[in-house]
Every structure is written in C-alpha cells, then in structure tokens.
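# Chain and residue survey
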Amino acid sequence: NTDINKMVSEYNTQNPNKSAIAAINADLWWMYVGSQTEPANKGNALLRDDSNASYSTSLGFTMSNGEIYTSDRMLQESYTHSSGGTSLPYEDYISFGITSDFVPVISNPNAAVTITNNTKGTTAEADGINRTPAYNTLVMYTDKGPTDNYANNDAYEVKIKITSTDDYVIGHGTDITGTVEAVYSPSSNANPIIDSNYIVLTARGAQYNSISNYAVGDEVNIKVSIYDQSGKYTKQWEKATDAIAGHFPFVYDGVRTSTIAAGETYPATFIGITTSGNVVMFTEGATVDGGRYGIKNEKYQQLAEDLDLKDCFMLDGGGSS
C-alpha cells in the first residue's frame, strides 16, 4: 500500500490539473528477447542477432492522452523460446477505454492504418502500430514506441520525417504527410532510430513488397482510424482518449464466462463496468510464502452478480497482483 500511495502522490504532484483517487496494477507488458523464435519463419529468431536485443510491448490496444501507444496484438505475434521454454500463442485481447466525454467502454478495439506513397502511387495497410516486428507483417513505429525495434535483419525499413505538423498525434482521424529520409534494405545491416516526429515502417516476409519500392524523397501520407472489432462500440472508441488492455473476461455484454480452470485459485486484478455505468477496479488474492492464492473460479459468477457487472476482465495476475 505504501508503494501505491507514493505513486498516486507523485502522479498528483506531477499533474496539478488531475487528481488520482485510486490505483491498481494494470496491463501486462510482454518482454521479447533474442531467444524468441517464430514458427511462421521456420523457427528462426524474431529479433536480430544482437546480445542487447529486447523489446517490450503491451499485449493489446493501449492509448494515453488521446494517442495510440500500441494497436491490438497481431495474429502473427505467436512465439516460442528456442530453449524450449515459454510459448506465447495468439490470444485475442480486449481493452478498457475512456472517451473524451468520460464514457467507459470495454470491447476489442483496433487501429486501421492506410499508408499511401503519393510519389509512387501505391497504398499499403499496416498490420499494427508499435507491435513486435513479426514475420509477414508491416508495422508502423511512432515516437511513442521503441527507439529501436531490433527488427530481424531480413526486414525492409523506411524512415519518414513528418512535415505536415511539428508534433503528430496518432489517434482516430490522424492524417499526416511526410518525406522519406532513409531506406534500410536487408543488405544494409543498418537499423533506423525512431526519433521524435519520425515514423518508421518495418516490413518482413509477405509484406516486404508493400514498401520495397520506397525511395528517399518520396512523399508519404498516413491515415489512422479506430474501430471496434466486435462492431458494437466503434463510435465510443473513435472518441477514446485512454485505454489499457487485458485478457480473461468473465463478464462480457452481461454474459458471464469462466476465467481459469474449475477449482483453481489465482491472484488477479480486474477492471469492470456495472450495468449503471460505474467503473469498478479490484484486486483479489495474494502471493504468500511462495504460494499464490485467490478465489476459486466458481465464485466469479457470484462476484459479477454481487457487483452488478456488465463487463469485466483481468488486467494482470499472479505475482503481479
């Protein structure tokens, strides 16, 4: 509690126009290192051969102050460790968001990114924003992402200086234009640093040809829109300013589901919306003497009824909670 109280106090000091009244551990961010391999790429390494290679990203759609930090996890982001350890199969993550007029929403948002090379007359659709540089993807990296994405050496990368604004914001309705400043082909063995007001496009595998004809001096236009993959809350997500991602929903549109196996217990942190529109945040369980203890899965449906939850999902769990 002392640590959380200190964080809230520091936040309020640093943001005099805001006042934090509650805090919990939130979204799980996954760290990718040199040991990750890609099944879609014949088991080759995800990141380039670099002893310092490490890349961390949210598991789902995240926003802060009206700007997208990461789009939803891409289907191509399924990895295993070459050492035979942890695997990360694809999972469809959901997000909690708040609109500019303070309406909470829980569903499955994502971002559509259209990239047009005005000079060449070609158009491409990005698979993600600030996601991992996975095989068979075109990812757009912004100045809210990593300074170095450690893309595998088979990547084709383009660095674009945004000229239509001095400080772009990637959100719903973004329409910006820039000029290609550098092109990095696989044979160059070089990787672009993602600076402020720059965009970097990284293409691998099946998406390689989507930007392989780009040249220095080309004019490029980028348009972004936010939508709900479930088709239900697109209007709300278009107005979203902040969002965090998670998994294991146990109430979704009023339907109660399971989270973990029957009889098991697991510490967990949750965020939900009641049928009256209130936001509920709660943590249950703890790690004690090396053991993890929480309520049994069978109790979650009763918990949803007691709290009158319409939507609710797990942000992070285990030792993190």
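This report concerns the structure included in the present document. Residues take numbers from 1 onward in each chain, read along the sequence in its written order. Where totals are concerned, whole chains, interfaces and linings use all residues; where local detail is concerned, this predicted model gives features only for residues with pLDDT of at least 70, and gives and counts side-chain atom pairs only at 80 or more. To obtain the side-chain values, all non-hydrogen atoms of the structure were used and water was disregarded.

Attention now goes to the overall build of the protein chain. Numbering goes from the N terminus for both helices and strands, where a helix is a DSSP run of H or I of at least four residues and a strand is a run of E of at least two. A tally of helices and strands in the protein chain yields 3 helices and 25 strands. Here the globule rule reads 2.2 Å times residues to the power 0.38, and the radius of gyration is calculated from C-alpha atoms. For 321 residues, the compact-globule estimate of 2.2 N^0.38 gives 20 Å, and the protein chain sits close to it at 21 Å. By its C-alpha atoms, the protein chain is 60 × 45 × 40 Å across when sized along the principal axes. Put simply, the protein chain has 321 residues, and 45% of those count as buried. Summarising the internal contacts of the protein chain: among those between residues at least 6 apart in sequence, 72% fall at separations of at least 24. In short, Shrake-Rupley with a 1.4 Å probe defines the accessible areas, and a residue's cover is counted only from the protein chains shown. As displayed, the protein chain offers around 14,700 Å² of accessible surface, 49% of which is attributable to carbon and sulfur atoms. The sign given to each residue is positive for Lys and Arg and negative for Asp and Glu; His and the chain ends receive no count. Working definition for charges: the position is that of NZ of Lys, CZ of Arg, CG of Asp or CD of Glu. Charged side chains in the protein chain number 20 positive and 38 negative. The centres of these two groups are separated by 1 Å. Each residue is placed in one exposure class: buried if its accessible area under a 1.4 Å probe, protein chains only, is under 20% of its type's maximum, exposed if it is over 50%, and partly exposed if it falls in between. Contact criterion: two residues are considered in contact whenever any of their non-hydrogen atoms come within 4.5 Å of each other.

Attention shifts here to empty space enclosed by the protein. Think of a 1 Å grid over just the protein atoms. A cavity is a set of points where a 1.4 Å probe fits yet cannot get out, a pocket is an open set with protein on both sides within 12 Å along at least five of seven lines, and lining residues have an atom within 4 Å of a point. Grid points are joined across faces, edges and corners, and a volume is the space filled by probe spheres set on the points. Going through the model one piece at a time under the given rule, you end up with 1 cavity of 30 Å³ or more. Looking at the largest cavity, its volume works out to about 50 Å³. What lines the largest cavity is Asn152, Asn153, Ala155, Glu157, Tyr184, Ser185, Pro186, Asn189, Ala190 and Asn191.

The geometry of an aromatic ring pair comes down to the distance between the two centres and the angle between the two planes. Centre distance within 6.5 Å is the pairing criterion for rings of Phe, Tyr and Trp, where only the six-membered ring of Trp is used; planes under 30 degrees apart are then read as stacked, over 60 as edge-to-face, and the remainder as tilted. Within this structure, the stated rule accounts for 6 aromatic pairs. When the ring of Tyr156 is compared with that of Tyr208, the centres are 5.3 Å apart and the planes differ by 75°; the resulting orientation is edge-to-face. One end of the pair, Tyr156, is in strand 15 (residues 156–162); the other, Tyr208, is in the loop between strand 17 (198–203) and strand 18 (219–228), with 52 residues separating them in the sequence. By relative accessible area, which is 6% here, Tyr156 ends up buried. For the ring pair Phe250 and Tyr300, a centre distance of 5.1 Å and an interplane angle of 55° mean the geometry is tilted.

So, about the nonpolar core. With 33 residues, the main nonpolar core has Ile68, Ile115, Met140, Leu201 and Ile222 as its most contacted residues. Secondary structure elements with two or more residues in this core: strand 11 (109–117), strand 12 (122–126), strand 14 (138–141), strand 15, strand 16 (175–184), strand 17, strand 18 and strand 19 (240–252). In this structure, Ile115 is in contact with Thr122, Thr123, Ala124, Ala126, Leu138, Leu201, Tyr214, Val220, Asn221 and Ile222, ignoring residues within four places of it in sequence. Definition used in this section: a nonpolar core is a set of buried Ala, Val, Leu, Ile, Met, Phe, Trp, Tyr and Cys residues joined via side-chain atoms within 4.5 Å. By size, the runner-up hydrophobic cluster in this structure holds 16 residues, among which are Tyr32, Leu46, Tyr150 and Ile194.

Here the focus is the side chain of Ser71. Among the secondary structure elements, Ser71 is positioned in the loop between strand 6 (67–70) and strand 7 (79–81). Given a relative accessible area of 0%, Ser71 falls into the buried group. Think of a polar contact as two N or O atoms within 3.5 Å of one another; within protein, one of them needs to be a possible hydrogen donor and the other a possible acceptor, and neighboring residues in sequence only count if both atoms come from side chains. Polar contacts involving the side chain of Ser71 include one to the main-chain amide nitrogen of Ile129, which spans 2.8 Å. Those residues in contact with Ser71, other than ones at most four positions away along the chain, are Gly60, Phe61, Asn110, Ala111, Gly128, Ile129 and Arg131.

In this section: the sheet that holds strand 11. Here we have 8 strands laid out as an open sheet, ordered 12-11-18-16-15-17-14-13, and mixed in their pairing. Every interior strand has two partners, whereas the edge strands, strand 12 and strand 13 (128–129), have only one. Here 2 bridges tie strand 13 to strand 14, and the two strands are oriented parallel to one another. Of the residues in strand 14, the one forming a bridge with Gly128 is Val139. Two strands qualify as a pair provided DSSP detects at least 2 bridges between them.

Before going further, it helps to spend a moment on the pattern of salt bridges. Think of a salt bridge as a Lys or Arg side-chain nitrogen and an Asp or Glu carboxyl oxygen that are within 4 Å of each other. For the structure shown, the criterion picks out 14 salt bridges. Its salt-bridge partner being Lys144, residue Asp143 comes within 3.8 Å of it at the nearest N-O pair. For Lys144, a relative accessible area of 31% corresponds to the partly exposed category. Residues joined by salt bridges that share partners form a network here, namely Lys232, Asp253, Lys310 and Asp311.

So, about the layout of surface pockets. The computed volume of the largest pocket comes to approximately 1,600 Å³. Residue lining of the largest pocket: 39 residues in total, with Tyr11, Ala20, Ala22, Ala23 and Met281 positioned closest to the centre. For the lining of the largest pocket, the secondary-structure elements that each account for two or more residues are helix 1 (2–14), strand 5 (62–64), strand 9 (94–99), strand 19, strand 21 (268–274) and strand 22 (279–284). Element by element, the count of residues in the lining of the largest pocket is highest for helix 1, at 6 residues. Of the residues assigned to the lining of the largest pocket, the class counts are 22 nonpolar, 13 polar and 4 charged. Taken as a whole, the second largest pocket spans an internal volume of roughly 180 Å³. Basically, the charged four are Asp, Glu, Lys and Arg, the nonpolar ten are Ala, Val, Leu, Ile, Met, Phe, Trp, Tyr, Cys and Pro, and anything else, Gly included, counts as polar.

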